[in-house]
Amino acid sequence: MSDQVEDIVSLVESVVVPLVDYPDEFEIVGNETDGTLLIEMRVNPEDAGKVIGRQGRVIKAIRTLARAAASRANMHVEVELLD
């Protein structure tokens, strides 16, 4: 992974880890293909609601933050929370 990809992944990680009750079960993977970065996160099922937030506000904010960071590198970012 390039430094920019690692920076964006670590940014998302630094936002999500304080939100969850089980940080040791948090997993994050960043895959880059053709200028698009896909960030996939897994959390404990009890923490999923905290990461999503009411009406999806928290996950939307995380996505907005990741996209803003990626725009400086001319990249497109998708952030997904997996089951």
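Quick caveat, the model's predicted, so the values are computed rather than measured.

Undergrad: Explain the sheet that holds strand 1 (residues 27-33) to me, please; I cannot follow it from the model alone.
TA: Within a beta sheet, neighbouring strands are joined by backbone hydrogen bonds and run either parallel or antiparallel to one another. Across the sheet, three strands lie side by side as 1-2-3; this open sheet has mixed pairing. Each having just a single partner strand, strand 1 and strand 3 (76-82) make up the two edges of the open sheet. For this sheet, the mean angle separating the axes of adjacent strands, direction not counted, is 15°. In this structure, strand 1 lies alongside strand 2 (residues 36-42), joined through seven bridges in antiparallel fashion. Bridged to N31 within strand 2 is L38. Across the sheet, helix 3 (residues 57-71) touches strand 2 and strand 3, and the angle it forms with strand 3 is around 150°.

Undergrad: Before we go on, may I ask you to explain the pattern of salt bridges in this structure?
TA: A pair can form between side chains of opposite charge whenever their charged atoms are brought close. Summed over the entire model, instances satisfying the criterion amount to two salt bridges. Of the charged contacts in the structure, one is a salt bridge between D21 and K50, with a shortest N-O distance of 2.2 Å. Note that D21 is positioned in the loop between helix 1 (3-16) and strand 1 and K50 in helix 2 (residues 48-52), a separation of 29 residues in sequence. The exposure class of D21 is exposed, given its relative accessible area of 51%. The closest approach of N and O atoms between E78 and R67, which form a salt bridge, is 3.8 Å.

Thresholds applied
Each chain has its residues counted from 1, following the order in which its sequence is written. Since the coordinates come from a predicted model, pLDDT governs what is reported: local features require at least 70, and pairs of side-chain atoms require 80 or more to be given and counted, while whole-chain, interface and lining totals use all residues. Hydrogen atoms and water are omitted, and side-chain values are computed over all heavy atoms in the structure. Strand pairing is assigned whenever DSSP identifies at least 2 bridges connecting the two strands. Elements are defined by DSSP. Helices are runs of H or I of four residues or more, strands are runs of E of two residues or more, and each kind is numbered from the N terminus. Angles shown run from 0 to 180 degrees and are taken between the N-to-C directions of axes, each axis being a line fitted to C-alpha atoms and, for helices, limited to the stretch in contact. It only takes one pair of heavy atoms within 4.5 Å for two residues to be counted as in contact. The salt bridge criterion pairs a side-chain nitrogen of Lys or Arg with a carboxyl oxygen of Asp or Glu, the two atoms within 4 Å. Each residue is placed in one exposure class: buried if its accessible area under a 1.4 Å probe, protein chains only, is under 20% of its type's maximum, exposed if it is over 50%, and partly exposed if it falls in between.

The values reported here are purely geometric and, on their own, carry no functional implication.
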